[in-house]
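Structural characterization, general
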Amino acid sequence: MSQVRHLLQTKGSTIFSVAPDAPVLEAIKQMAEHRIGALLVLANGELVGVVSERDYARKVILQGKSSSQTAVSDIMSGTPITTCSTACACAPTVASATCRWSRTASWSA
């Protein structure tokens, strides 16, 4: 079973992010450019959420909103669960997660 550090070594350590007040169109362009499906949402260097292609599809396209007029903060998933890179230290966080998939960030290799 792979550890987080192994995944990050393969994936790379570059973090792509967007500001919460940026238009959704900017976030979608960045995801396409970097061939990724989600971006961290950072406000003054603090993680405030995650925005994904799924958020875009469900909260912009299906609701008939404008990508250039809708802010990332209007569609992002807020209050992300963060964790660390070691299994022992992560166990309490993983055990307490109540959702099927938890979005994680702030891993250190």
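Note that this is a predicted model, so its numbers are computed, not measured.

Moving on to the nonpolar core. Formed by 13 residues in total, the largest nonpolar core has its most connected members in Val18, Ala27, Leu39, Val41, Val51 and Val72. Elements with a minimum of two residues in this core: helix H2 (24-34), strand E2 (38-43), helix H3 (53-61) and helix H4 (72-75). What Val41 contacts, discounting residues up to four positions off in sequence, is Val18, Ala19, Pro20, Glu46, Leu47, Val48, Gly49, Val50, Val51, Val72 and Met76.

One ladder, built from 6 bridges, connects E2 with strand E3 (residues 46-52); its direction is antiparallel. Opposite Ala38, over in E3, you have Ser52 as the bridge partner. Between E2 and the antiparallel strand that follows it, E3, lie 2 residues; Asn44 among them carries a positive phi value of about 55 degrees. Note: E3 against strand E4 (residues 77-78), 2 bridges, orientation antiparallel. Bridge pairing in E4 links Gly49 to Gly78.

Model confidence for the protein is summarised by a mean pLDDT of 81, while 75% of its residues fall at 70 or above. With pLDDT under 50 throughout, residues 98-109 is counted as low confidence; its partners more than four residues away or in other chains account for 25 contacts.

Take the pattern of salt bridges next. One pass over the full model with this rule turns up 1 salt bridge. Residue Lys59 pairs with Asp55 through a salt bridge whose shortest N-O separation is 3.6 Å. Here the residue Lys59 and the residue Asp55 both occupy positions in helix H3, the gap between them amounting to 4 residues, near one helical turn. Using a relative accessible area of 28% as the deciding quantity, one classes Lys59 as partly exposed.

Along the chain, Ser67 falls in the loop between H3 and H4. The exposure class assigned to Ser67 is buried, which follows from its relative accessible area of 14%. Each residue touching Ser67, except ones within four places of it in the same chain, is listed here: Pro23, Val24, Leu25, Tyr56 and Val60.

Taken residue by residue, H2 has Val24, Ala27, Gln30 and Met31 as its buried positions. Projected onto a plane normal to the axis of H2, the buried residues spread over an arc of 125 degrees and lie on a single side. Turned more than 90 degrees away from the buried face of H2 sit Lys29, Ala32 and Glu33, all of them exposed. On its buried side, H2 packs onto strand E1 (17-18), E2, E3, H3 and H4. Where H2 terminates, the next one or two residues include Arg35, which has phi positive at roughly 55 degrees.

Take the pairing of E2 next. Of the strand pairs in this sheet, E1 and E2 are connected by 2 bridges, and their pairing is parallel. What sits directly across from Ser17, in E2, is Leu40. Each parallel crossover has a hand, and for E1 linked through H2 to E2 it is right-handed.

Calculation rules
- Residues numbered from 1 in each chain as written.
- Predicted model: local features only at pLDDT ≥ 70, side-chain atom pairs only at ≥ 80, totals over all residues.
- Heavy atoms only, no water.
- Core = buried A, V, L, I, M, F, W, Y, C linked by side-chain atoms within 4.5 Å.
- Buried < 20%, exposed > 50% of the residue type's maximum accessible area, 1.4 Å probe, protein only.
- Helix = DSSP H or I, 4+ residues; strand = E, 2+ residues; numbered from the N terminus.
- Contact = heavy atoms within 4.5 Å.
- Pairing = 2+ DSSP bridges.
- pLDDT = per-residue confidence, 0-100.
- Salt bridge = Lys/Arg side-chain N within 4 Å of Asp/Glu carboxyl O.
- Arc of directions from axis to C-beta.
- Right-handed = clockwise from strand over helix to strand, strands pointing away.

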